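Residue-level structural notes
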Amino acid sequence: MAELTLDLRDVDKAQAYDELHQHVFAVLDGVDDDIAAMATISALVHHAFGHLWTGFYRVVEPGRLLRVGPYQGTLGCLDIAIGRGVCGTAAAERRTVVVEDVHAFPGHITCDARSASEIVVPVFGRDGELLAVLDVDSAEPAAFDDRDREGLERIVGWFAGRG
Ligand code: SME
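The notes below deal with the structure included here. Keep in mind that what you see is a predicted model, and the values were worked out from it rather than measured.

**Concerning empty space enclosed by the protein**
- Taken as a whole, this structure holds 1 cavity of 30 Å³ or more when the rule is applied.
- By volume, the largest cavity amounts to about 160 Å³.
- Around the largest cavity sit 16 residues that line it, and Ile-109, Cys-111, Glu-118, Asp-135 and Asp-137 are the ones nearest its centre.
- Breaking the lining of the largest cavity down by element, the ones donating at least two residues are strand 1 (53-61), helix 3 (85-93) and strand 6 (130-138).
- Grouping the constituent residues of the lining of the largest cavity by class yields 8 nonpolar, 4 polar and 4 charged.

Rendered as C-alpha cells:
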C-alpha cells in the first residue's frame, strides 16, 4: 500500500484527504529528512488530485527569501521574496492563502499561464519556525476551499510532528 501513488480524483474531498494523510504518514514513517519528505508529499498530493503544479518553496533567508524546493509540474520560478505573490504573502503572514482567481490577486507571480487558482500553506518545523510553504496550483478556477486548507495543513503537520 505504501508504495502506491493514490488517484483520489473521484473520491469525496474530505475522505480523499483522510486517505492521503494516512498514506503520506505511512510512507514517511521513520524518515527524518525534510527534502525527502517534500519530494514525497509533492508527488503524492500532485497525482492524487491531478493538479497543475504542486511543490515547496523553502525559506533560505528568514524574513526575506523563498527558494524553490521539490515539486511536480512545469518549471517553477526559482526565488520569491517573502511578501511577494501568493507564496510570499503566505510566508510573511504565516497563514494559508486560498486564491479563487489568481488574476485578481495583486502581485501574483505567473509561472504557468494555465494556472487559474491556488492554495499556499505555511510549513512549520518542530519549534514553530517557518521552514517553507507548500504551493498547489490548479488550471480550474476556484479549485480550493476549506477542505483543502484543512487537509493540506494536516499533511504538512508532518514537519512539526516527526521524530
Ligand atoms: N503562484 C506563485 C508563484 C509560484 S508558481 O506558481 C510555481 C505565487 O504567486 O506565489
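Resuming the write-up.
**Here we look at the sheet that holds strand 2 (residues 65-72)**
- Overall, antiparallel pairing links the 6 strands, which are arranged 3-2-1-6-5-4 in an open sheet. With partners counted over all chains shown, the strands left at the sheet margins are strand 3 (79-81) and strand 4 (97-99), one partner each. Taken pair by pair, the neighbouring strands of this sheet meet at an average axis angle of 25°, ignoring direction.
- Two strands pair when backbone bridges link them, and strand 1 and strand 2 are joined in this way by 6 bridges, in the antiparallel orientation. For Tyr-57, the partnering residue across the bridge sits in strand 2 and is Val-68.
- Against the sheet, helix 2 (residues 34-49) contacts strand 1, strand 2 and strand 6, and its axis sits at roughly 155° relative to strand 1.

**Quick look at the site of the ligand**
- Every residue near the ligand is listed here: Trp-53, Tyr-57, Ile-80, Gly-85, Val-86, Cys-87, His-108, Ile-109, Cys-111, Glu-118, Asp-135 and Asp-137.
- Here an oxygen atom of the ligand sits 3.0 Å away from a polar atom, N or O, in the main chain of Val-86.
- At a separation of 2.8 Å, a nitrogen atom of the ligand approaches a polar side-chain atom of Glu-118.
- Notes on the ligand: free accessible area 310 Å², of which the protein chains cover 99%.
- Of the pockets mapped on this structure, the ligand occupies the largest cavity.
- Contributing elements (two or more residues each) for the shell around the ligand: strand 1, helix 3 and strand 6.
- If you tally residues by element for the shell around the ligand, the top one is helix 3, at 3 residues.

Scoring rules and cut-offs
- Residues numbered from 1 in each chain as written.
- Predicted model: local features only at pLDDT ≥ 70, side-chain atom pairs only at ≥ 80, totals over all residues.
- Heavy atoms only, no water.
- 1 Å grid on protein atoms, 1.4 Å probe; cavity = no way out; pocket = protein on both sides within 12 Å on 5 of 7 lines; lining within 4 Å.
- Points joined across faces, edges and corners; volume = space filled by probe spheres on them.
- Helix = DSSP H or I, 4+ residues; strand = E, 2+ residues; numbered from the N terminus.
- Nonpolar A, V, L, I, M, F, W, Y, C, P; charged D, E, K, R; others polar.
- Pairing = 2+ DSSP bridges.
- Axes fitted to C-alpha atoms, helices over the stretch in contact; angles between N-to-C directions.
- Contact = heavy atoms within 4.5 Å.
- Near = heavy atom within 4 Å.
- Polar contact = N/O pair within 3.5 Å; in protein donor to acceptor, adjacent residues only side chain to side chain.
- Areas by Shrake-Rupley, 256 points an atom, 1.4 Å probe, with all protein chains shown as cover.
- Sits in = over half its atoms within 2 Å of the grid points.

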